[in-house]
Amino acid sequence: MLKKIFGLGSDEEEEEKEQEEVEEEIEETQEEDDDDGKSLFGRLKEGLSKTRDGFVSQLESLFRSYDKINEELYEDLEEILIQADVGVQTTMKLVDDIKEKAREEKIKDPNKLINILQDDILEMLNQTEEDDEQPTILMVVGVNGAGKTTTIGKIAQRAKQDDKDVLLAAGDTFRAAAIEQLEAWANKVGTEVISHQEGADSAAVAYDAVQSAKSKETDLLIVDTAGRLHTQSNLMDELEKVKRVIEKESGPMKVEVLLVLDATTGQNAVSQAKLFDEAVDVDGIALTKLDGTAKGGVVIAIREELGIPIRLIGVGEDLEDLQDFEPESFVDALFDF
Amino acid sequence: MIFEGLAEKLQDTFDKLKGKGKLSEKDVKSALREVKLALLEADVNFKVVKNFISKVEERAVGKEVLDSLTPGQQVIKIVNEELTDLMGGAQSKVEYASDPPTVIMLTGLQGAGKTTTAGKLAKKFIKDGKDPLLVAADVYRPAAIKQLQVLGERLDQPVFSMGDKQDPVDITKAAISRAESNGNDVVILDTAGRLHIDEELMDELSQIKAAVVPDEILLVVDSMTGQDAVNVADKFDDTLGIDGVVLTKLDGDARGGAALSISSVTGKPIKFAGVGEKLEDLEPFHPDRMASRILGMGDVLSLIEKAEEEMDQKKAQELEEKLRKNEFTLEDFMDQLEQVRNMGSFKEILNMIPGVGNKIKDLDMDEGQLDKIEAIISSMTKEEKRDPEMIKGSRRRRIANGSGTEVQDVNRLLKQFKQTQKMMKQVGDMQKGGLGGKMGGGGNFPFFG
C-alpha cells in the first residue's frame, strides 16, 4: 500500500492497474447518465443553460422592458452581446444592422427586433452541411487545455456507435501522460491507438498511423496533437509538418482539420482560429465546455471573419455530450443567462 | 489583428490628447470611449469596464487635469494608475507558513493549467530551497495522476497519490501527514478541474479546505478567458475564499482582460503568471505591466528592469536625482549611451517605450550614428559636457575637428540633447506621480527625440 501511496516507484504492473482504473473511471462517468433518455435537443438545452431555471431569456426581458425603440435599448443590447463574448466589432455590426433594418422597415415594436437579431446571427453563422461518407483522417488541433483529447474520445465513441472502424494516433508526444490519457479513451471506446513514446516526433506517429489506417481500411483516423499556443511559431511549424506528412500519405482518405476551442475563451479565440487556420487550414471547430456559464459568442466572429464553420459542441463530461452544432439552439442559448 | 489595431487607435487617440494644450470634457470622454473599446476587446468584463470608465472619468474631467500643462498625459497616467490599482497595485507573493508545511491548494476550471502550474510552483519552491510534496488529488480526469507523476520525476520530487479510487478529501489529509513525517515544508495540492456551477464538486473543494486548512488557495485561470472570468472567479471565491490567482498561458497574445476582471471582482491579487511550456516558465505577476499590456502601451518596467541588470545601481540613483533636479548633462548622456548600448539593439529598446513602438517601424536606426555621438562628446571639455549651453561657434568647430565630424553633426547633437533634456523632465514628472520608486533607471532613452 505504501508503495502505491508513494506513486513514484510504480512498476509496470501498477501502471497497468492505473490504466484499468482510468478506464473504469470513464465507464463510471458514462454509466451515471446513461439512464436519462433525453433527446439531443433537450440535453443541449440542459447543458447550455444549467443556471437558467427561473430566468426568462435576457433578450426577451430586455425588449419587453422598453415600449419603444431608442438609443438606450441599443446600448443594453450591445451589453448583452458583449457579455456573451460576441466581441466589440461583431456587436457593432449586428447592432448597426438592426438599427438600419428597423429604420427601413419602420419597426416600432421592440419585440420585433429579436427576430431580426436572431436572423442576423444565423446568417453570420451560415452553416453548411458536411458529407462524411468518405474515409477520413481527422487532425485535431488547439491550444493547451482546450479539451482535444476528451473531444477525440467522444468523437471516436460516436463513430463506433455508427459502426465505423476508428483508429487513434497519439500525436501529443509532449505533454506528460497525454499518451496515457488517449490510450485510456481508446481502450474504453474499443479502438486501437498508434503511439510512440513521449518525446517522439509527432509527424512520425502520424505517418505510422496513416499507413496503418490505409492498410486496415479504417473509416476514421483521428490524430491527436499537442496543445500549443498559436503564437509559438516553432510549434506551429511542427504542426504544419504533421499535416504535410498526413496529406502526402493520405491516399484515398480525406484529410480534415478540427480546431478545438474552449467556450470560455474570449476574443483571443479569433486570433487562435486565424493562426491555426493559416498554419493548417482549419475545416471546422469543436466548441467545448459549453456546459458552464460561458456563451462562446466569439465563434460568430470566427465564422464571419474567417469563414470557419462550427461543427461540434461539448456540453458536458459524458460521451453523449458531444453534439452536432445546431445554430438555432446555439443562438437561443446565447441569450439565456 | 484586431488587438493591434485597437492598441494603435488608442495610442493615436492619446497622441491627439498629448498634442492638445487644453482639453475639454468632450475630448476626455471621446478618448475614454476608445479606452472602453480597447478594454472590451481585451476581454475585460463589461461591468468592470463600466465602473472603471466612470471612475477614470470622474478623476480625469476634474479641474486639475484639464487645466494642467499636460492634460493628455495626465489622462493616460490616470488610466494607467487605475488599471494597476484594480489589479491589486503592488506585486503580491506566496507567504511561507511559520509552522511548516505551507499548504497550497490549486483550483480552477478544466484545462486552466492546474497540473502544469503545480509542477512549475514546485520548481520555484525548490529554487527557494524548499522541499515540496506534490499531491495528486485529481481522481476524475483520465491520466491526471500520471501527468503529475511525470512532472514529479522531472523535478526529482515526490508525488503523493492514492490512485483514483479514494476520496480527494482523504487523499489530501493523508498527504499532509505524509509531508509532516517526510519533512516536506511545502505541499502542493493538485485538485481536479471543475465547473464553478457544479455544486457537488465545489462542495468537495470546501471539504478539502475544511480538512487540511490550506495556507494559500490559488485559483488557476487561463489568461484567454472571456467575459465568463468574473462568474468563475466570483463563484470560486465565494465558495472557498481564494487567496490569489495564477494566470496561465500569458505567453500567447491574449491581452489578459481576465486578469483585470478577476482582481476587480474578487479583490484578490494575481500572484503568478505562466509564461511558457517549460517548468521554469512561471513568473511573479506585475499588475503595472499587465496594465500596459491591456492598453497596448508597451512595457516600460521590463525595459527598466533590463536596464537595471546592466546599470550600475549607484549611478542610476544619481541619475534619477539629476533627472528630478533637471541637471542631466552631456556627461550623463555619454554614460547612458554606453550602458544602453550594453542592453541590446537600439530598436529593441525603443520598442519597449510606450507610444514609440508603432512609430519606429519605418525608422532606420543607424547604429554607426552612435559612434559619431560618442566621438563628439569625447572631444568636449569637462566644463562643456556639464554646461552644453557654453558651446558656441568656435568651440563647435574645435569639437568637430577633434572628433572627425562636421559642425552640423555637433549642432544636431546639441539640439537633440536639448530635446532629450526636456523629455527627461517630463518622464521625471510622470514618475513622481505614479510609477513609483521602481524607475531607478528612468533615463535610459536619452536620444529619444
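In this text, all values refer to a predicted model and were calculated from it rather than measured experimentally.

1. Regarding the overall build of chain B
In terms of regular secondary structure, chain B is built from 20 helices and 8 strands. Within chain B, the fraction of its 449 residues that count as buried is 57%. A sequence separation of at least 24 residues applies to 75% of the contacts in chain B between residues at least 6 apart. About 18,700 Å² of surface is accessible on chain B, with carbon and sulfur atoms providing 47% of the total.

2. Re the environment of Phe-335 of chain A
Checked against the element boundaries, Phe-335 of chain A lands in the segment after helix H14 (327-334). It is 33 Å that separates the C-alpha atoms of Phe-335 of chain A and Asp-224 of chain A, two residues lying 111 residues apart in sequence.

3. Points about the packing of aromatic side chains
Residues and elements named next belong to chain A. The final tally for this structure, using the stated rule, is 2 aromatic pairs over all chains. Where Phe-325 meets Phe-330, the ring centres are 5.2 Å apart and the plane angle is 55°; that geometry is what we call tilted. Judged by relative accessible area, Phe-325 falls into the buried class, the value being 8%. Under the relative-accessibility criterion, Phe-330 is labelled buried at 4%.

4. Quick look at a negative patch on the surface
All names here are of chain A. Taken together, the side chains of Asp-96, Glu-100, Glu-104 and Glu-105 present a region of like negative charge at the surface. As for its position among the elements, Glu-100 is in helix H6 (residues 88-104). The class for Glu-100 is partly exposed, based on a relative accessible area of 39%.

5. Quick look at the UniProt feature "domain: SRP54-type proteins GTP-binding" (unreviewed entry) in chain B
The UniProt entry lists residues 269-282 of chain B under the feature "domain: SRP54-type proteins GTP-binding" (unreviewed entry), expressed in the numbering used here. In this annotation, residues 269-282 of chain B is assigned 0% helix and 43% strand; the end-to-end C-alpha distance for the span is 16 Å.

6. A look at the pairing of strand E7 (residues 270-274) of chain B
Residues and elements named next belong to chain B. In terms of burial, E7 is largely enclosed, as 5 of its 5 residues are buried. Running through helix H11 (residues 257-266), the crossover from strand E6 (residues 244-248) to the neighbouring parallel element E7 is right-handed. By the bridge criterion, 3 bridges tie E7 to strand E8 (residues 282-284) in an arrangement that is antiparallel. Opposite Phe-272, over in E8, you have Pro-284 as the bridge partner.

7. A closer look at the pattern of salt bridges
Overall, the coordinates contain 32 salt bridges over all chains when judged by the stated rule. A salt bridge links Glu-247 of chain A to Lys-243 of chain A, with the nearest nitrogen and oxygen atoms 3.6 Å apart. Residue Glu-247 of chain A and its partner Lys-243 of chain A are located together in helix H11 (residues 233-249), separated by 4 residues, close to a single helical turn. We classify Lys-243 of chain A as buried; its relative accessible area is 9%. Taking the shortest distance from any N to any O, the salt bridge between Lys-278 of chain B and Asp-281 of chain B comes out at 4.0 Å.

8. Examining the UniProt feature "domain: SRP54-type proteins GTP-binding" (unreviewed entry) in chain A
Mapped onto this numbering, the UniProt entry annotates "domain: SRP54-type proteins GTP-binding" (unreviewed entry) at residues 309-322 of chain A. Helix makes up 0% of residues 309-322 of chain A and strand makes up 43%, while its end C-alpha atoms are separated by 16 Å.

9. Structural notes on the sheet that holds strand E1 (residues 102-107) of chain B
Residue and element names in this part refer to chain B. If you trace the 8 strands from one edge of the open sheet to the other, you get E3-E2-E4-E1-E5-E6-E7-E8, paired in mixed fashion. Edge strands, defined here as strands with exactly one partner in the open sheet, are strand E3 (159-160) and E8. Running over the sheet, helix H8 (residues 168-182) touches E1, strand E2 (132-137), E3 and strand E4 (186-191) and is turned about 165° from E2.

10. Examining the confidence of the model for chain A
Residues and elements named next belong to chain A. Confidence along chain A averages 84 in pLDDT terms, with 82% of residues attaining 70 or more. Considering only residues more than four positions removed or in separate chains, one finds that residues 28-45, a stretch of pLDDT under 50, has 27 contacts. In this model, residues 47-56 is a region of pLDDT below 50 whose contacts with residues beyond four sequence positions or in other chains number 18 contacts.

11. What about the packing of helix H12 (residues 268-280) of chain A against helix H13 (residues 298-306) of chain A?
Residue and element names in this part refer to chain A. At a closest axis distance of 9 Å, the pairing of H12 and H13 adopts a crossing angle of 40°. Taken together, the axis directions place H12 and H13 in an arrangement best described as oblique. Here the hand of the crossing between H12 and H13 comes out right-handed. Where H12 abuts H13, its residues Ala-269, Val-270, Ala-273 and Lys-274 lie against Val-298, Ala-301, Ile-302, Glu-305 and Leu-306.

12. Quick look at the interface of chain A and chain B
Listed as interface residues are 59 residues of chain A and, on the opposing side, 52 residues of chain B. Both faces combined, the contact of chain A with chain B buries some 4,800 Å², and carbon together with sulfur accounts for 57% of it. Remark: the boundary between chain A and chain B carries 2 salt bridges. Arg-154 of chain B is the salt-bridge partner of Glu-198 of chain A, the closest N and O atoms lying 2.7 Å from each other. At the surface where chain A touches chain B, the tally comes to 19 residue pairs in polar contact (both at pLDDT 80 or more). Taken together, the elements giving at least two residues each to the side of chain A that touches chain B come down to helix H1 (2-5), helix H2 (12-34), helix H5 (71-83), H6, helix H9 (178-189) and H12 of chain A. For the side of chain A that touches chain B, the residue count by class is 19 nonpolar, 21 polar and 19 charged.

13. Describing H11 of chain B
H11 of chain B sits mainly inside the fold: 8 of its 10 residues count as buried. All of the buried residues along H11 of chain B are Gly-257, Ala-258, Ala-259, Leu-260, Ser-261, Ile-262, Ser-263 and Thr-266 of chain B.

14. Description of the packing of helix H2 (residues 25-41) of chain B against helix H3 (residues 46-60) of chain B
Residues and elements named next belong to chain B. At a closest axis distance of 10 Å, the pairing of H2 and H3 adopts a crossing angle of 155°. Comparing the axis directions of H2 and H3 gives the class roughly antiparallel. When the axes of H2 and H3 are compared, the crossing they make is right-handed. Between H2 and H3, the contacting residues are Val-28, Lys-29, Leu-32, Val-35, Lys-36, Leu-39 and Leu-40 on the first element and Phe-46, Val-49, Phe-52, Ile-53, Val-56, Glu-57 and Ala-60 on the second. For the contact of H2 with H3, the per-class residue count stands at 11 nonpolar, no polar and 3 charged.

15. Section: unusual backbone geometry
Following Pro-100 of chain B, the chain continues into Pro-101 of chain B via a peptide bond in cis, with omega recorded as 0°. Position of Pro-101 of chain B relative to the elements: it lies in the loop between helix H5 (71-86) and E1. If you check the backbone angles, Asp-85 of chain A has positive phi at about 65° while not being a glycine. Here Asp-85 of chain A is to be found in the loop between H5 and H6. Asp-85 of chain A gets classed as buried once you look at its relative accessible area, which sits at 1%. We note that Asp-281 of chain A has phi near 55°; this positive angle belongs to a residue other than glycine. Positionally, Asp-281 of chain A belongs in the loop between H12 and strand E6 (284-288). Classification of Asp-281 of chain A by relative accessible area gives partly exposed; the value is 48%.

16. Focus on the environment of Leu-282 of chain B
Residues and elements named next belong to chain B. The residue Leu-282 is located in strand E8 in this model. When the C-alpha atoms of Leu-282 and Asn-51 are compared, they prove to be 31 Å apart, with 231 residues separating the residues in sequence. Aside from chain neighbours lying at most four places away, what touches Leu-282 is Lys-120, Leu-121, Lys-124, Val-246, Phe-272, Ala-273, Gly-274 and Val-275.

17. Regarding the sheet that holds strand E8 (residues 322-324) of chain A
Residues and elements named next belong to chain A. In space, the 8 strands of this open sheet follow the order E3-E2-E4-E1-E5-E6-E7-E8, with mixed pairing throughout. Each of the sheet's edge strands pairs with one partner strand only, and the pair in question is strand E3 (192-194) and E8. Between one strand axis and the next, the sheet turns by 25° as a mean value, whatever way the strands run. Where E6 and strand E7 (residues 310-314) come together, 3 bridges link them in parallel fashion.

How each quantity is defined
Starting afresh in each chain, residues are numbered from 1 along the sequence in its written order. Chain A is the first chain written and ligand 1 is the first ligand written, with later ones labelled in order. It should be noted that, the model being predicted, local features are given only for residues of pLDDT at least 70 and side-chain atom pairs only at 80 or more, the latter also being counted only at that level, while totals for whole chains, interfaces and linings use all residues. Side-chain descriptors were evaluated using all non-hydrogen atoms of the structure, hydrogens and water having been removed beforehand. By the criteria applied, helices consist of DSSP H or I runs no shorter than four residues and strands consist of E runs no shorter than two, each listed in order from the N terminus. For every residue, the accessible area (1.4 Å probe, protein chains only) is compared with the maximum for its type, and the residue is labelled buried under 20%, exposed over 50%, or partly exposed between those bounds. In what follows, a contact means two residues having at least one pair of non-hydrogen atoms within 4.5 Å. Each accessible area is a Shrake-Rupley result for a 1.4 Å probe, and residues are judged covered by the shown protein chains and nothing else. Geometry of aromatic contacts follows a simple scheme: Phe, Tyr and Trp rings, the Trp one being its six-membered ring, pair when their centres are within 6.5 Å, and the pair is stacked under 30 degrees between planes, edge-to-face over 60, tilted otherwise. Patch membership is restricted to residues that have no salt bridge and whose relative accessible area is over 30%. Joining uses 9 Å for like charges and 5 Å for the nonpolar side chains Val, Leu, Ile, Met, Phe, Trp and Tyr. The salt bridge criterion pairs a side-chain nitrogen of Lys or Arg with a carboxyl oxygen of Asp or Glu, the two atoms within 4 Å. By the counting rule applied here, Lys and Arg register as positive and Asp and Glu as negative, while His and the ends of each chain are not counted. Lys charges are placed at NZ, Arg charges at CZ, Asp charges at CG and Glu charges at CD. UniProt positions are given in the numbering used here, feature names are shortened, and annotations may be inferred rather than shown by experiment. With its strands directed away from the observer, a crossover is right-handed exactly when the path from the first strand over the helix to the second travels clockwise. For two strands to pair, DSSP has to find at least two bridges joining them. Geometry is summarised by axes, namely lines fitted to C-alpha atoms with helices restricted to the contacting stretch, and by angles between N-to-C directions that run from 0 to 180 degrees. For every residue, the predictor states its confidence as a pLDDT score lying anywhere from 0 to 100. Roughly parallel refers to an angle under 35 degrees, roughly antiparallel to one over 145, roughly perpendicular to one between 65 and 115, and oblique to any angle outside these ranges. For any pair of crossing helices, the crossing counts as left-handed if the nearer helix is rotated counterclockwise from the farther one by less than a right angle, and right-handed if it is rotated clockwise. Here's the idea: put two parts together, see how much 1.4 Å probe accessible area each one loses, and the total over both is what we call buried area. Polar contact criterion, stated in full: a pair of N or O atoms within 3.5 Å, where within protein one must be able to donate a hydrogen and the other to accept it, and residues adjacent in sequence count only if both atoms are side-chain atoms. All residues other than Ala, Val, Leu, Ile, Met, Phe, Trp, Tyr, Cys, Pro, Asp, Glu, Lys and Arg, Gly among them, are scored as polar; the first ten of these are nonpolar and the last four charged.

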